[in-house]
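Inside the fold
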Amino acid sequence: LTRANRKMSEYALQLREKQKAKFIYGVLEKPFRNYYKKADRMQGQTGANLMTILECRLDNVVFRMGLARTRKEARQIVDHKHVLVNGKSVNIPSYLVKAGDTIEIKEKNKSSQRYKDVLDATAGRVVPEWLEADSENLKGAVKNLPTREVIDVPVDEMLIVCLLYTSDAADDGE
C-alpha cells in the first residue's frame, strides 16, 4: 500500500518483486542471492537463468508434477525422505534437478493415504511441458530444463536482477 496516493519508488517495486519470488518458491534471502550469483555466472540472460534455477528445485518439481498440493507440502515430502531421484533417496528441497532425471515417491510411501488425497486434489492440474508425470505410479521425469517462456510464475525477473545487481555493485565497492 502506498501512503497518501504516493507513487511507489523504483526500489519499492523491485523489492516487492523479489519478495514475491522468494515467497512463491519458499526461498530465504541468502540462498536467493546465491541463486542470483549462479544465474549471473551462467550464459544467457540473468533473469531467465534465475527463474530456471528456481523452477528446477526438487521441491518445486515435485509440486509441478502434482505429487503435492503446495510447494510447502512438496518441501516436507522431500524433507521426510519420500522422494527418489534417479533411484537414490534425496531429502534436500533445494536439490537442483537436471534434464533426464527421474523423480518418484518411494515404494513404501506410495500406498499411504496422503498420496491418494494429493492425487485427488491435483487431478486437474496441468503438468508443464518440460516435465513428464505418471500420477498413477507417482513418478515422473525431467524432459528438459524449462525456458522462461514456459514458466508461468507472475514475476518480473528484470526488476529482481536490477535490484540485486545494484546491491551487488554496492557490496563490491566497499
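Presented here is a report on the structure given in the accompanying data block. Here the residue numbers are simple positions, counted from 1 along each chain's written sequence. Where totals are concerned, whole chains, interfaces and linings use all residues; where local detail is concerned, this predicted model gives features only for residues with pLDDT of at least 70, and gives and counts side-chain atom pairs only at 80 or more. The basis for every side-chain value is the complete set of heavy atoms in the structure, and neither hydrogens nor water enter the calculation.

A look at the overall build of the protein chain
Helix and strand counts for the protein chain stand at eight helices and five strands. Beginning at the N terminus, the succession of helices and strands in the protein chain can be written as α-α-α-α-α-β-β-β-α-α-β-β-α. Taken along its principal axes, the extent of the C-alpha atoms in the protein chain is 55 × 40 × 25 Å. Counting over 174 residues, the protein chain shows a buried share of 44%. Each helix corresponds to a stretch of at least 4 residues labelled H or I by DSSP, and each strand to a stretch of at least 2 residues labelled E; elements are numbered beginning at the N terminus. A 1.4 Å probe rolled over the protein chains alone gives each residue an accessible area, and that area as a share of the maximum for its type sets the label: buried under 20%, exposed over 50%, partly exposed in between.

Describing the side chain of R148
Relative to the elements of secondary structure, R148 occurs in the loop between β5 (139-142) and α8 (157-173). Among the polar contacts made by the side chain of R148, one reaches the main-chain carbonyl oxygen of V155 at a distance of 2.9 Å. Here the side chain of R148 touches E157 through a polar contact of 2.9 Å, side chain to side chain. It only takes one pair of heavy atoms within 4.5 Å for two residues to be counted as in contact. Not counting residues within four places of it along the chain, the set of residues in contact with R148 comprises A48, M51, V153, V155 and E157. Between N or O atoms, a polar contact is any pair within 3.5 Å; within protein, one atom must be a potential hydrogen donor and the other a potential acceptor, and residues adjacent in sequence are included only when both atoms are from side chains.

Observations regarding the pattern of salt bridges
Only one rule defines a salt bridge in this text: a Lys or Arg side-chain nitrogen within 4 Å of an Asp or Glu carboxyl oxygen. Scanning the entire structure with this criterion turns up 13 salt bridges. One salt bridge connects D59 with R75, and the closest N-O pair in it is separated by 3.6 Å. Pair noted here: D59 is in helix α4 (residues 58-64) and R75 is in helix α5 (residues 71-79), with a separation of 16 residues, a long-range link. The partner of K110 in a salt bridge is E104, with the nearest N and O atoms 3.6 Å apart. Per residue, the accessibility class of K110 equals that of E104, and both read buried. One network of salt bridges, in which partners are shared, links K18, K22, E29 and R33.

Some thoughts on the pairing of β5
DSSP-based pairing: two strands are paired if at least 2 bridges between them are found. In terms of strand pairing, strand β3 (residues 102-105) meets β5 through three bridges, oriented antiparallel. Residue T102 lies in a different strand from β5, and its bridge partner there is A141. When strand β4 (residues 131-134) meets β5, the two strands line up antiparallel, connected through four bridges. Bridging from a neighbouring strand, L131 pairs with V142 of β5. Linking β4 to β5, which pair antiparallel, is a turn of four residues; within it L138 sits at a positive phi near 50°.

Observations regarding the pairing of β3
Bridge count between strand β1 (residues 83-85) and β3: three bridges; the pairing is antiparallel. Each bridged residue has a counterpart across the sheet, and for V85 the counterpart in β3 is I103.

Describing the nonpolar core
Counting residues in each nonpolar core, the largest one holds 22 residues, and the members touching the most others are L58, V61, V62, V83, V97, I103 and I105. Broken down by secondary-structure element, the contributors of at least two residues to this core are α4, α5, β1 and β3. Counting residues per element, this core draws most heavily on α4, which supplies four residues. Contact partners of L58, with chain neighbours within four places excluded, come to V78, V83, V85, V90, I92, P93, Y95, V97 and I103. Remark: nonpolar core denotes a set of buried residues (Ala, Val, Leu, Ile, Met, Phe, Trp, Tyr, Cys) joined through side-chain atoms within 4.5 Å.

What about a positive patch on the surface?
Patch criteria: residues need more than 30% relative accessible area and no salt bridge. Like-charged residues are merged within 9 Å; nonpolar side chains of Val, Leu, Ile, Met, Phe, Trp and Tyr are merged within 5 Å. All accessible-area figures derive from a Shrake-Rupley calculation using a 1.4 Å probe, and residue coverage is judged against the displayed protein chains alone. For this count, His and the chain ends are skipped, Lys and Arg are scored as positive, and Asp and Glu as negative. A charge is said to be at NZ when it belongs to Lys, at CZ for Arg, at CG for Asp and at CD for Glu. Positive charge collects at one region of the surface, where K30, K37, K38 and R41 lie side by side. Locating R41 in the fold gives a position in helix α2 (residues 29-41). Given a relative accessible area of 66%, R41 falls into the exposed group.

Focus on the sheet that holds β3
Read from one edge of the open sheet, five strands run β2-β1-β3-β5-β4, paired in antiparallel fashion. Both outer strands of the open sheet, β2 (88-89) and β4, are each paired with one neighbouring strand and no more. The pairing of β1 with β2 spans two bridges and is classified as antiparallel. Its bridge partner being in β2, V85 is matched across the sheet by K88.

Function cannot be read off these values alone, since they describe shape.
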